[in-house]
Amino acid sequence: MSGTRPFPRPGGLERAARGRLDGRAGPLGLSRPPPVRQDEPVSHADDLDPAAMRAQYQSTGLAEEDLAAGPYEQFGRWFAQTAANGLHEPNAMIVSTADAAGRPSSRTVLLKAYDDSGFVFYTNYGSRKAREIAENAHVSLLFPWHPMARQVIVTGTAARVAPEETAAYFRSRPHGSQIGAWASAQSTVAASRAEIDEAYERTAARFPEGEPVPVPPQWGGFRVSAETVEFWQGREHRLHDRLRYVRTEDGGWRVERLCP
Ligand SMILES: Cc1cc2nc3c(=O)[nH]c(=O)nc-3n(C[C@H](O)[C@H](O)[C@H](O)COP(=O)(O)O)c2cc1C
């Protein structure tokens, strides 16, 4: 059986998913699940046994001939399919960094753009992840698309995006997020929640709604330029498909299959 079906072209969804990702609800399936209260009662919490949780993957496979010529185009196909399936925040990805001593750390961020030069996310340049990237530009990205029995794993190097690119994205953010970027010294220790809320209120008074908010000097984007991109498709009996694009010296890509 052949793998993923060819994506319909000209690709409405693929096109919608390509380029800047603006987080509006709509065809990208970004509706939010209801918030969970901290004291929400849960029955049988003590009986939850992770060892007994076993999902069977029955999706069709991913074959070499199904793949696009390059990993960014292949990513676009899977990204559009993930969004079309209504997965919540399909642009959420786990970024792993490591400090100069090789100690790793991971966290979720949102992909905000991608093209043939890389995957872009925005953050605070004083944060732990940004400090680690300054010491060691090698990073890994992971898109955990579990409901589709898929994951995409990128390895590559991160570099700051140009200030104009950051400014263009920052201007598109809601006012509250712009204020939040000014108010929070991300990853530093806070004395209390009240201190954080007060910093927000002070900043909001400085930049009233309706007036342009400048980009905070410590805030901006990173572009991860891929060296390898693995497309993982869950299959029956744990015999999954793993196809990995590897960048070649001439700037092209070769594909290799990995054992599951
Ligand atoms: C779904 C989700 C999306 C997030 N998106 C971002 C993001 O785009 N940028 C960011 O700096 N932090 C984002 N965060 C918060 C990060 O996971 C993390 O707490 C923060 O960046 C500080 O990480 P660090 O101290 O390791 O640098 C997000 C968290 C979640 C759960």
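Computed from a predicted model, the values in this text were never measured in an experiment. (Residues numbered from 1 in each chain as written. Predicted model: local features only at pLDDT ≥ 70, side-chain atom pairs only at ≥ 80, totals over all residues.)

As for the overall build of the chain
Okay, so step 1: The helix and strand inventory of the chain stands at 6 helices and 9 strands.
Okay, so step 2: By residue count, 28% of the 260 residues in the chain fall in the buried class.
Okay, so step 3: Sequence separation of 24 or more characterises 64% of the internal contacts of the chain that already satisfy a separation of 6 or more. (Helix = DSSP H or I, 4+ residues; strand = E, 2+ residues; numbered from the N terminus. Buried ≥ 20, exposed ≤ 12 C-beta atoms within 10 Å, placed from the backbone. Contact = placed C-beta atoms within 7 Å.)

What about the site of the ligand?
Okay, so step 1: Around the ligand there are 16 residues in total, and Arg-107, Thr-123, Ser-127, Lys-129 and Ser-187 lie nearest to it.
Okay, so step 2: Every element with two or more residues in the shell around the ligand is listed here: strand E2 (104-110), strand E4 (118-124) and helix H3 (128-135).
Okay, so step 3: Along the lines of polarity and charge, the residues of the shell around the ligand split into 5 nonpolar, 7 polar and 4 charged. (Near = placed C-beta within 6 Å. Nonpolar A, V, L, I, M, F, W, Y, C, P; charged D, E, K, R; others polar.)

Side note on the pairing of strand E6 (residues 150-160)
Okay, so step 1: Across 8 bridges, the pairing between strand E5 (residues 138-145) and E6 is antiparallel. Its bridge partner lying in E6, Pro-144 is registered against Gln-151.
Okay, so step 2: Hairpin connection between E5 and E6: a loop of 4 residues separates the two successive antiparallel strands, and Ala-149 in this loop has a positive phi of roughly 50 degrees.
Okay, so step 3: The pairing of E6 with strand E7 (residues 219-233) spans 11 bridges and is antiparallel. (Pairing = 2+ DSSP bridges.)

As for the confidence of the model for the chain
Okay, so step 1: On average, the chain scores 88 in pLDDT, and the residues at 70 or more come to 88%.
Okay, so step 2: Across residues 1-20, where pLDDT falls below 50, the model places 34 contacts with residues more than four positions away in sequence or in other chains. (pLDDT = per-residue confidence, 0-100.)

Section: H3
Okay, so step 1: The complete set of buried residues in H3 reads Lys-129, Ala-130, Glu-132 and Ile-133. Taken down its axis, H3 places every buried residue within 160 degrees of arc, on the same side.
Okay, so step 2: Residues of H3 that are buried sit in contact with strand E1 (92-98), E2, E4, E5, E6 and E7. (Arc of directions from axis to C-beta.)

Looking at the pairing of E5
One face of the sheet, then the other: side chains in a regular strand alternate in exactly this way.
Okay, so step 1: Covered by surrounding structure in E5 are Val-139, Leu-141, Phe-143 and Trp-145 only, the residues His-138, Ser-140, Leu-142 and Pro-144 on the alternate face being uncovered.
Okay, so step 2: Relative to E5, E1 runs antiparallel, the two sharing 3 bridges. Among the inter-strand pairings, Ser-96 is bridged to a residue of E5, identified as Ser-140.

Let's talk about the nonpolar core
For soluble globular proteins, the rule of thumb is that nonpolar side chains tend to be buried together.
Okay, so step 1: Counting 38 residues, the largest nonpolar core has Phe-75, Tyr-114, Phe-119, Leu-141, Val-152, Val-154 and Val-224 as the members making the most contacts within it.
Okay, so step 2: Core analysis: the next-biggest nonpolar cluster, separate from the first, contains 5 residues, Ile-179, Ala-181, Val-213 and Trp-219 among them. (Core = buried A, V, L, I, M, F, W, Y, C linked by C-beta atoms within 7 Å.)

Some words on helix H4 (residues 163-172)
Okay, so step 1: Buried within H4 we find Thr-166, Tyr-169 and Phe-170. Each buried residue of H4 lies within a common arc of 105 degrees when the element is viewed along its axis, so the set occupies one face. Exposed residues pointing more than 90 degrees away from the buried face of H4 are listed as Glu-164, Ala-167, Arg-171 and Ser-172.
Okay, so step 2: Check the buried side of H4 and you find it contacts E4, helix H5 (175-183) and E7.

Side note on the environment of Ser-96
Okay, so step 1: Here Ser-96 lies in strand E1.
Okay, so step 2: Assessed through the 17 C-beta atoms surrounding it within 10 Å, Ser-96 is described here as partly exposed.
Okay, so step 3: Separated by 33 residues in the primary sequence, Ser-96 and Lys-129 have C-alpha atoms spaced 8.0 Å apart.
Okay, so step 4: When sequence neighbours within four positions are dropped, the list of residues in contact with Ser-96 reads Pro-104, Ser-106, Val-139 and Ser-140.

A short note on unusual backbone geometry
Okay, so step 1: For Glu-89, which is not glycine, the phi torsion reads 45 degrees and is therefore positive.
Okay, so step 2: Structurally, the position occupied by Glu-89 is in the loop between helix H2 (71-84) and E1.
Okay, so step 3: One non-glycine residue, Ser-187, lies in positive phi territory at about 80 degrees.
Okay, so step 4: Structurally, Ser-187 is set in the loop between H5 and helix H6 (193-206).

Notes on the packing of H5 against H6
Okay, so step 1: At a minimum axis distance of 9 Å, the contact between H5 and H6 shows a crossing angle of 120 degrees. The chirality of how H5 crosses H6 is right-handed. Mapping the contact onto sequence places Ile-179, Gly-180, Trp-182 and Ala-183 in H5 and Ala-199, Tyr-200, Thr-203 and Ala-204 in H6.
Okay, so step 2: Class assignment of the residues belonging to the contact of H5 with H6 gives a composition of 6 nonpolar, 2 polar and no charged. (Axes fitted to C-alpha atoms, helices over the stretch in contact; angles between N-to-C directions. Left-handed = near helix turned anticlockwise from the far one by under 90°.)

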